[in-house]
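Residue-level listing of the chains:
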Amino acid sequence: MALQCGIVGLPNVGKSTLFNCLSNAKAQAANFPFCTIEPNVGVITVPDERLNRLAELVHPQKIVPTTVEIVDIAGLVKGASQGEGLGNKFLANIRETDAILHVLRCFDDENVTHVDGSVNPARDKEIIDYELQLKDLETIESRIGKVQKQAQTGGDKQAKTALEVFLRYKTALEQGKPARTVKFDNKDDERIAHDLFLLTNKPVLYVCNVDEASAVSGNPYVEQVRQAVRGENADLLVVAAKIESEIAEFETYEEREMFLSELGLRESGVNRLIKAAYQLLNLETFLTAGPQEVRAWTYRKGSKAPQCAGVIHTDFEKGFIRAEVIKYDDYIRLGSEAAVKEAGKMSVEGKEYVVRDGDIMHFRFNV
């Protein structure tokens, strides 16, 4: 399931530093604009403490976590929607991603230049929002031009429905609002909206890159961003990329934990960011546990048992008979699959069962 989150932002806000912390792929990090030209793609392991807990009970030969793809995209500048800087490449790369991690500089450092001369994350956010909204408005106006005549004079019901969707988006974008703030009540409207692939309709997480002193409690810049994203249907995360790069250099888990403890952090910003990116993509995890491996499998939230079986192998979905399901908490509490069965805590589910995050699954099939 190759779904991608794209890391975007103005030049020199810490995108590549953050990407390097997330991934083994070492993107160039330098103090000048456009040091990232081709998008760097990293396949990132999703931290999941449940795998280790299960492994302590099952003693498998290996543990296999799930992953998510992160793309480091070139910095955007004013005028990108008209091709300024690397604008056209930026917009093409972001269109290919499924969700956006929007990095905003929320720290002062006279040694790191700012493309606009001063630190102002709300303004920086507005610059990128404006460029993406302009591109979306261009898309919408083009679509309106194609269906307006049919909708008004041809009696074409589909064209009329599409026009209504386009006009709602046009109104929002002209008011400076992202497309994701527009909600539809029926599936036909949602399908038309989805097929537009608007840039500002993608789910977004605003990542406030702060200094070490602000890693735990944030700072006034973070509050500025919090106010700016209010009512936008988006989340916010505080990360100190410079600290994260230092944590990444430690060789042992114990060293990392000690460093985090000294800073007053329970969990690294990288771990929190990966988990947030996973959720942003509307993904969840089911588990399999046996002597060969304990493994996490990715599925779209709301999927039913046959579709999740197909994540393991297409034959599992084609020949699906039933799913044997153990709740993670029951497995940990009782200590083994045999004990779960003896306690009557394993359920047998059919094709309509909606899989829940953390379900431990065993699929029966016949092809």
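Draft legend 1. Structural context of the nonpolar core. Ile70 and Leu101 are the most contacted members of the largest nonpolar core, which totals 60 residues. Among the elements that make up this core, the one with the highest residue count is helix α10 (residues 269-280) (seven residues). The residues touching Leu101, leaving out its near neighbours within four places in the chain, are Cys5, Gly6, Ile7, Val8, Ile70, Leu205, Val207, Leu273, Ala277 and Leu280. Formed by 20 residues, the second largest nonpolar core is a distinct cluster that contains Ala151, Ala159, Tyr169 and Leu196.

Draft legend 2. Inspection of the packing of aromatic side chains at higher detail. Taken as a whole and assessed by the stated rule, the structure comprises six aromatic pairs. The interplanar angle of 90 degrees and the centroid separation of 5.9 Å between the aromatic rings of Phe286 and Phe363 together place this pair among those described as edge-to-face. Placement of Phe286 in strand β8 (residues 283-289) and of Phe363 in strand β12 (residues 360-365) is noted, with a sequence separation of 77 residues between them. The class of Phe286 is buried, set by a relative accessible area of 0%. Chaining the aromatic ring pairs together yields one cluster made of Phe286, Trp297, Tyr299, Phe320 and Phe363. Sitting over the face of the ring of Phe107, Arg105 holds its NZ or CZ atom 4.5 Å from the ring centroid. Taking NZ or CZ as reference, Arg295 lies 4.1 Å from the ring centre of Trp297, over its face.

Draft legend 3. Region of the structure containing empty space enclosed by the protein. All told, the structure shown has two cavities of 30 Å³ or more when counted by the stated rule. Volume-wise, the largest cavity comes out at about 80 Å³. Around the largest cavity, the lining residues are Val8, Ile100, His102, Ile128, Asp129, Leu132, Pro178, Arg180, Leu199, Thr200, Val204 and Tyr206. When contributions to the lining of the largest cavity are tallied by element, the ones reaching two or more residues are β5 (99-105), α4 (121-153) and β6 (204-209). For the lining of the largest cavity, the element with the highest residue contribution is α4, accounting for three residues. Class assignment of the residues belonging to the lining of the largest cavity gives a composition of eight nonpolar, two polar and two charged. Here the second largest cavity is characterised by a volume of approximately 30 Å³. Together, Ala215, Val238, Val239, Ala240, Glu244, Leu265, Gly269 and Arg272 line the second largest cavity. When residues of the lining of the second largest cavity are traced back to their parent elements, those giving at least two are β7 (235-239) and α10. When grouped by side-chain class, the residues that make up the lining of the second largest cavity number five nonpolar, one polar and two charged.

Draft legend 4. How the structure looks around the pairing of strand β1 (residues 4-8). Of all five residues making up β1, five are buried, and the element is well covered by its neighbours. Summarising the sheet, β1 and strand β4 (residues 67-72) pair through four bridges and their orientation is parallel. Across the sheet, Cys5 pairs through a bridge with Ile70, a residue of β4.

Draft legend 5. Region of interest: helix α5 (residues 157-174). Its 18 residues place the ends of α5 26 Å apart at the C-alpha level, agreeing with the 26 Å of an ideal helix rising 1.5 Å per residue. Buried within α5 we find Ala159, Ala162, Leu163, Val165, Phe166, Tyr169, Ala172 and Leu173. Contacts from the buried residues of α5 go to α4 and α6 (187-194). The first or second residue beyond α5 is Gly176, which carries a positive phi of 80 degrees.

Draft legend 6. Focus on the environment of Lys160. By the secondary structure assignment, Lys160 is in helix α5. Given a relative accessible area of 48%, Lys160 falls into the partly exposed group. Considered as a pair, Lys160 and Gln148 are twelve residues apart in the sequence and their alpha carbons are 7.8 Å apart.

Draft legend 7. Spotlight on helix α9 (residues 253-263). Listed in full, the buried residues belonging to α9 are Phe259, Leu260 and Leu263. Buried residues along α9 cover an arc of 100 degrees about the axis, so they all sit on one side. Opposite the packed face of α9, turned more than 90 degrees from it, sit the exposed residues Glu254, Met258, Ser261 and Glu262. Turning to α9, the residues buried within the fold contact α8 (241-249). Residue Gly264 follows α9 closely and has a positive phi angle near 85 degrees.

Draft legend 8. Examining the sheet that holds β1 more closely. Spatially, β2-β4-β1-β5-β6-β7 is the arrangement adopted by the six strands of the open sheet, whose pairing is mixed. Each edge of the open sheet is held by one strand with a lone partner, namely β2 (40-45) and β7. Looking at each pair of strands side by side, their axes are set apart by 25 degrees on average, direction ignored. Bridge analysis of β6 against β7 gives five bridges, and the strand direction is parallel. The partner of Asn209 across the bridge, within β7, is Val239. Sitting on the sheet, helix α1 (residues 15-22) is in contact with β1, β2, β4, β5, β6 and β7, with an inclination near 155 degrees to β4.

Definitions and limits used
- Residues numbered from 1 in each chain as written.
- Predicted model: local features only at pLDDT ≥ 70, side-chain atom pairs only at ≥ 80, totals over all residues.
- Heavy atoms only, no water.
- Core = buried A, V, L, I, M, F, W, Y, C linked by side-chain atoms within 4.5 Å.
- Buried < 20%, exposed > 50% of the residue type's maximum accessible area, 1.4 Å probe, protein only.
- Helix = DSSP H or I, 4+ residues; strand = E, 2+ residues; numbered from the N terminus.
- Contact = heavy atoms within 4.5 Å.
- Phe/Tyr/Trp six-rings, centres within 6.5 Å; stacked < 30°, edge-to-face > 60°.
- Lys NZ or Arg CZ within 6 Å of the ring centre and 35° of its normal.
- 1 Å grid on protein atoms, 1.4 Å probe; cavity = no way out; pocket = protein on both sides within 12 Å on 5 of 7 lines; lining within 4 Å.
- Points joined across faces, edges and corners; volume = space filled by probe spheres on them.
- Nonpolar A, V, L, I, M, F, W, Y, C, P; charged D, E, K, R; others polar.
- Pairing = 2+ DSSP bridges.
- Expected span 1.5 Å × (residues − 1).
- Arc of directions from axis to C-beta.
- Axes fitted to C-alpha atoms, helices over the stretch in contact; angles between N-to-C directions.

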